[in-house]
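The residues making up each chain are set out below.
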Amino acid sequence: MSTVRRLRVINACILMLFMVTSCRSVMTSSRQSHGGIKYTIAPDERFHRVEKGKNGSLMYDSPELTVVCENGTLKINGQPAGTVQKGDHVQITDTFQVTVNGQLRGDVTTGHTENKQRIQQSKFEVQTSTR
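Residues numbered from 1 in each chain as written. Predicted model: local features only at pLDDT ≥ 70, side-chain atom pairs only at ≥ 80, totals over all residues. Heavy atoms only, no water.

S.K.: Teacher, can you tell me more about the pattern of salt bridges here?
M.R.: Where charged atoms of side chains with opposite charge meet at close range, the side chains can pair. All chains considered together, the criterion is met by 2 salt bridges. Arginine 49 serves as the salt-bridge partner of glutamate 51, at 3.4 Å between the closest nitrogen and oxygen. The class for glutamate 51 is buried, based on a relative accessible area of 14%. Across the salt bridge formed by aspartate 61 and arginine 49, the nearest N and O atoms sit 3.5 Å from each other. Taken as a pair, aspartate 61 in strand β4 (residues 58–61) and arginine 49 in strand β3 (residues 49–52) lie far apart in primary sequence, 12 residues in all. Look at arginine 49 and you get partly exposed, because its relative accessible area is 25%. (Salt bridge = Lys/Arg side-chain N within 4 Å of Asp/Glu carboxyl O. Buried < 20%, exposed > 50% of the residue type's maximum accessible area, 1.4 Å probe, protein only. Helix = DSSP H or I, 4+ residues; strand = E, 2+ residues; numbered from the N terminus.)

In structure tokens, the structure reads:
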């Protein structure tokens with residue numbers, strides 16, 4: 001193994017170790033409760049991170065979606081998405097939709113004008129190509 005390749009492997013290992021140790025707490029199952037709020041998070045085979053704060057806050061972060069519950073406020077991709085309180089059930093589905101007590105609060109397009117436009121354009125293209 002060349003020296004450059006060996007250094008790349010070592011750097012990758014250090015980065016992965018840093019990422020694992022930097023998380024305060026990582027959920028391993030899809031159903032949890034934190035701060036009196038129930039969470040169901042669909043299994044995601046790709047990289048995602050869930051951090052639970054000591055003050056009852058929770059953050060879900062993936063390339064497609066960021067969900068933060070803090071001080072009774074829900075934010076999806078940085079946009080306010082209503083409130084949550086003890087006893088509520090927050091669900092993140094496998095299609096990246098966020099619901100609270102079964103009511104849709106947002107999805108992967110929330111706060112992303114570019115994503116919304118791209119999705120609408122692709123729907124339009126599919127509709128016109130099938131006619």
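S.K.: Sorry if this is basic, but what is going on with the sheet that holds strand β1 (residues 31–34) here?
M.R.: Ordered in space as β1-β2-β8-β9-β10, the 5 strands form an open sheet in which the pairing is mixed. The sheet is open, and its two borders are formed by β1 and β10 (103–106), each paired with just one other strand. Across this sheet, the average inter-strand angle for adjacent strands is 25 degrees, counted without regard to direction. Direction of pairing for strand β2 (residues 37–41) relative to strand β8 (residues 89–92): parallel, over a ladder of 4 bridges. Within β8, the residue paired with isoleucine 41 across the bridge is isoleucine 92. (Pairing = 2+ DSSP bridges. Axes fitted to C-alpha atoms, helices over the stretch in contact; angles between N-to-C directions.)

S.K.: Mind showing me how you'd approach the nonpolar core here?
M.R.: Within soluble globular proteins, side chains that are nonpolar tend to cluster in buried spots. Tyr60, Leu65, Leu74, Val90 and Val98 are the most contacted members of the largest nonpolar core, which totals 18 residues. Taken together, the elements giving at least two residues each to this core come down to β2, β4, β5 (66–70), β6 (73–76), β8 and β9 (98–100). With 3 residues, the top contributor of residues to this core is β2. If we ignore the near neighbours within four places in the chain, the residues touching leucine 74 are Val67, Val68, Cys69, Gln79, Pro80, Ala81, Gly82, Val84, Val98, Val100 and Arg105. (Core = buried A, V, L, I, M, F, W, Y, C linked by side-chain atoms within 4.5 Å. Contact = heavy atoms within 4.5 Å.)

S.K.: Looking at this model, I keep getting lost on the sheet that holds β5. Mind explaining?
M.R.: Within a sheet, neighbouring strands are paired by backbone hydrogen bonds and run either parallel or antiparallel to one another. The antiparallel open sheet is built from 5 strands, whose spatial order is β3-β4-β5-β6-β7. The strands lining the two open edges of the sheet, one partner per strand, are β3 and β7 (79–83). Pairs of neighbouring strands in the sheet enclose a mean axial angle of 15 degrees, with direction left out of account. As judged from the 3 bridges shared by β6 and β7, these two strands associate in the antiparallel manner. Along β7, the bridge assignment pairs threonine 73 with threonine 83.

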